[in-house]
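# Observations on chain architecture
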Amino acid sequence: MSFLSRLFGSTDEPAQAKGKLTQRLERLEEEAQNAAPGYVGSSYNRAGDMALRERDPERAVGYYGRAIDEFLEDEQPGAARGVANKMIRVRPHAVRALCTLTWLDLAAKHSATALLHLRDYVEAAKEAKQCALAAGQIYEMARLVPYTEFRRASCPIRSS
């Protein structure tokens, strides 16, 4: 936008921009609904990127969550991991994304990264007062993985 446009432009421009964003996001949602299996998550991921570029982080996080769900449903853990990491950059204490990253690390046998994500997950769960839910997830993680370090590290959630 040029200097003169900003100076003499309409005061409705932010509302118009938000309306255009909504229209573009609706097109991407429609694209997701009509996408072939394996491609639905990509549409939601692009919608999240678009919302983030337009400074609407709440919408971005919502779309990223939907993208993660679709990528996991389509057995695309690498894509799910990438979107979860984007979500963490937008919302560092996103409990669900940290849980997802921890599960993905454990499945990929990335024990060191799993411990880092576990630490962040526990802290985020405490902060969000979601300890009971997190404790259940962490119990299942510890039950299913053979890493002694992980089992020891998973104990702090009980103290909340």
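Scroll up to find the structure this text is about.
First things first, this report covers the structure right here in the doc. Throughout this description, residue numbers start from 1 for each chain and increase along the sequence as written. Owing to the predicted nature of the model, reporting of local features is limited to residues with pLDDT of at least 70; listing and counting of side-chain atom pairs is limited to 80 or more, with chain, interface and lining totals taken over all residues. Think of the side-chain values as coming from all heavy atoms in the structure, minus any hydrogens and water.

## What about the overall build of the protein chain?
Note the cut-off: Think of it this way: any DSSP run of H or I at least four residues long counts as a helix, any run of E at least two long counts as a strand, and we number them from the N terminus. The contact criterion used is simple: two residues touch if any of their non-hydrogen atoms lie within 4.5 Å. Residue burial considers only the protein chains on display, and all accessible areas are found by Shrake-Rupley using a 1.4 Å probe.
Helix and strand content of the protein chain: 9 helices and 0 strands. Listed N to C, the secondary structure of the protein chain is α-α-α-α-α-α-α-α-α in terms of helices and strands. When contacts within the protein chain are restricted to residue pairs at least 6 apart in sequence, those whose partners lie at least 24 apart make up 51%. Carbon and sulfur atoms provide 54% of the accessible area of the protein chain, an area that totals close to 9700 Å².

## So, the pattern of salt bridges
Applied cut-off: The term salt bridge refers to a side-chain nitrogen of Lys or Arg lying within 4 Å of a carboxyl oxygen of Asp or Glu.
This model, assessed by the stated rule, comprises 9 salt bridges. Here Glu-58 and Arg-91 are joined by a salt bridge, their closest N and O atoms 3.0 Å apart. You can see Glu-58 sitting in helix H4 (residues 57-73) and its partner Arg-91 sitting in the loop between helix H5 (77-90) and helix H6 (95-107), a full 33 residues away along the chain.

## Re the environment of Ala-134
Tracing the backbone shows Ala-134 in helix H8 (residues 131-144). Spatially, the C-alpha atom of Ala-134 lies 9.6 Å from that of Ala-124, the residues being 10 residues apart in sequence.

## Notes on the packing of aromatic side chains
Using the following cut-off: Pairing of aromatic rings covers Phe, Tyr and the six-membered ring of Trp, with a centre-to-centre limit of 6.5 Å; geometry is then stacked below 30 degrees between planes, edge-to-face above 60, and tilted otherwise. Burial classification: accessible surface area is computed with a 1.4 Å probe over protein chains only, and a residue below 20% of its type maximum counts as buried, one above 50% as exposed, and the rest as partly exposed.
Within this structure, the stated rule accounts for 1 aromatic pair. Between Tyr-44 and Tyr-63, the ring centres sit 6.4 Å apart and the planes meet at 25°, which makes this aromatic pair stacked. Taken together, the positions of Tyr-44 in helix H3 (residues 40-53) and Tyr-63 in helix H4 put the pair 19 residues apart, joining distant regions of the chain. The exposure class of Tyr-44 is buried, given its relative accessible area of 8%.

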